[in-house]
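This is what each chain is made of:
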Amino acid sequence: MQEIKKRLSGFFEMLTTEKFFFYYIITVMISLPVMEIFDEMHSQTFASQPIIVEIAGYLGIFVIIVHFLKHQNIKYYLSDLLYLLLFVFALLSAVFTLDKFATWHGFDYDEWMFNFVAYFSLMFAGTMINDKHMRKCILNVFILVTVIQSVIAALQTCGIYLIECYLDTDLIMDLKRCYGLTQHSNWYAGLSVLMFTCTSGIFLFTQSKLIRNITYAISMLCFYTLLSSEARLAWVGVAAYLAFLAVSLLVMRSKGMEKEKLRSIFRRLLLLIVGMIVLVAFVIIVCGKIMGKVELTKEEINNVSGENKQIDKLATSRVYIWKFGLKMVPDHWAFGIGLDNYQYSFFHSPDYIPGEYTQGKGHNEYIHYLVTQGVFQLITYLTLLIYAAVTGVRNVIHNDDKEERYINWIFLGMLVGYAAQACFNSSVVNIVPYFWITVGMCLAKKNQHYFGYAKEHKKISSK
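Bear in mind that the values here come from a model prediction, so they are computed numbers and not experimental data.

Participant: For the pattern of salt bridges, give the residues involved together with the corresponding values.
Facilitator: Inspection of the entire model under this criterion finds 16 salt bridges. Linking Lys 132 and Glu 403 is a salt bridge whose minimum nitrogen-to-oxygen distance equals 3.2 Å. In this pair, Lys 132 is assigned in helix α7 (residues 132-156) and Glu 403 in helix α18 (residues 402-421), connecting sequence segments 271 residues apart. Accessibility expressed as a relative area gives 26% for Lys 132, which makes it partly exposed. A salt bridge links Asp 340 to Lys 361, with the shortest nitrogen-to-oxygen separation between them at 3.0 Å. In this pair, Asp 340 sits in the loop between α14 (314-326) and α15 (344-347) while Lys 361 sits in the loop between α15 and α16 (365-373), placing the two residues 21 residues apart along the sequence. Here Asp 340 and Lys 361 have matching classes, each one buried.

Structure below.
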């Protein structure tokens, strides 16, 4: 019996190590695109990805419970509290949902309760990765995912497909828009923002000339597919990322960063922008893309500013989607209308005309959280993002380890780019796990202050 207890104790100890959390993260990252390739070889599009994330949810919460039960007198951080609150408010939203079938048994591209648990657990796992080598390896896995997705997406621009697109099939495939292994061009656009910000960030900050050249080529391929998805939300993410880089370089200059290193980063940034401009010209002139979206944008602006205002059609009718959802908030502000139950807001609105267009997603992650999970969850989510950004900025500015500084800088740029495009995109089960991992990596516990840190530090200083 003692031997069994000893082995169990050793097993549980192994489950809560930094190495286990590392393998947990990279397994999810790699398995999502790889398993989709096998699914599509057998004509089973979008079959494994939601299940992989669900399994990650069950495993993640089990390991995290073991972590807190097994380790006594450990330090607690704000990210731990936010993890707990995210889980509690998601569960309350699911329990008090106004449509239990949609919340608990929805399919197509619905998100299940344990998909959300996986998101939160991946974030928590990211906070546990303090080892610099492991953090660099996770960036390398992001590069691998970028190569897999971008190569398949680039082939799609040539009319070469593993299998048909899952949603909006005729439109997307006729126009040869990129969807990679994500089943929709908008979904791919959101992922491509993360992939581009990662690979271009490594290009900007790496010390190795070989890695710099490789990541520049990969980032340009990724940017080509990003443009070829023809999703304007990706433009928003890239614009926010470039603005972030410009501001952060100015801040680092004011903080006394080495002038030669700043000049080197600035030169690489110029090279990156030149490459982006060349690709934009290529996609417009040779591929015949982008300008149609530019004209659509002009038309939407004219519709808003003209005499017969058509505000609902703005942002490809996203305003129409947002209005129906926001009307539900006053009566269901605490826990929302139910976890991933956005379509309820159409069918139970007095303004809805039967047969009109409806949506199961809010096409704005923040509005979607508010409508489906309530005010408390939205506040928790925004607090997490702000805290991650603040923690990332602080460690970029004050970290004495140059390599760690650049790793933090890369993850922070990824967070900014994705968070911006999320204003027009939806949380989707095979895309958003990468973002939650990014948030967790910005919140590595060695970069946070634990509860009671200030009091303990004050005591030490007074001695």
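Participant: An account of a nonpolar patch on the surface is needed here, citing residue identities and associated values.
Facilitator: A contiguous nonpolar patch, built from Tyr 76, Leu 81, Leu 84, Val 88 and Phe 451 and spanning about 440 Å² of accessible area, is present on the exposed surface. When you line up the elements, Leu 81 lands in helix α4 (residues 78-95). On the basis of relative accessibility, which here comes to 36%, the residue Leu 81 falls in the partly exposed class.

Participant: Describe the environment of His 67, listing the residues and the values that go with them.
Facilitator: Examined against the element boundaries, His 67 turns out to sit in helix α3 (residues 49-70). Taking the relative accessible area as the measure of exposure, His 67 reaches 7% and is therefore buried. Taking the C-alpha atoms as reference, His 67 lies 43 Å from Glu 164; in sequence the two are 97 residues apart. Here His 67 is in contact with Thr 16, Ile 74, Phe 124 and Met 128, once residues within four sequence places are set aside.

Participant: Which residues make up the packing of helix α2 (residues 18-41) against α3, and what values do they have?
Facilitator: At their nearest, the axes of α2 and α3 sit 9 Å apart, and the two run at 170 degrees to each other. Overall, the two elements α2 and α3 adopt an arrangement that is roughly antiparallel. The segment α2 lies against α3, with Phe 20, Phe 21, Tyr 24, Val 28, Ser 31, Leu 32, Pro 33, Met 35 and Glu 36 engaging Gln 49, Ile 52, Val 53, Ala 56, Gly 57, Leu 59, Gly 60, Val 63 and Ile 64. Of the residues contributing to the contact of α2 with α3, the split by class is 13 nonpolar, four polar and one charged.

Participant: Help me get a handle on the packing of aromatic side chains, residues and values and all.
Facilitator: This model, assessed by the stated rule, comprises 43 aromatic pairs. Here Phe 335 and Phe 376 contribute two aromatic rings whose centre-to-centre distance is 6.3 Å and whose plane-to-plane angle is 50 degrees, an arrangement assigned as tilted. One end of the pair, Phe 335, is in the loop between α14 and α15; the other, Phe 376, is in helix α17 (residues 375-398), and 41 residues separate them in sequence. Of the residues examined, Phe 335 reaches a relative accessible area of 26% and is grouped as partly exposed. Taking NZ or CZ as reference, Lys 75 lies 5.0 Å from the ring centre of Tyr 450, over its face. The ring centre of Phe 324 lies 5.1 Å from the NZ or CZ of Lys 327, which sits over that ring.

Conventions and cut-offs
- Residues numbered from 1 in each chain as written.
- Predicted model: local features only at pLDDT ≥ 70, side-chain atom pairs only at ≥ 80, totals over all residues.
- Heavy atoms only, no water.
- Salt bridge = Lys/Arg side-chain N within 4 Å of Asp/Glu carboxyl O.
- Helix = DSSP H or I, 4+ residues; strand = E, 2+ residues; numbered from the N terminus.
- Buried < 20%, exposed > 50% of the residue type's maximum accessible area, 1.4 Å probe, protein only.
- Patch = residues over 30% accessible without salt bridge, like charges linked within 9 Å, V, L, I, M, F, W, Y side chains within 5 Å.
- Areas by Shrake-Rupley, 256 points an atom, 1.4 Å probe, with all protein chains shown as cover.
- Contact = heavy atoms within 4.5 Å.
- Axes fitted to C-alpha atoms, helices over the stretch in contact; angles between N-to-C directions.
- Parallel < 35°, antiparallel > 145°, perpendicular 65-115°, else oblique.
- Nonpolar A, V, L, I, M, F, W, Y, C, P; charged D, E, K, R; others polar.
- Phe/Tyr/Trp six-rings, centres within 6.5 Å; stacked < 30°, edge-to-face > 60°.
- Lys NZ or Arg CZ within 6 Å of the ring centre and 35° of its normal.

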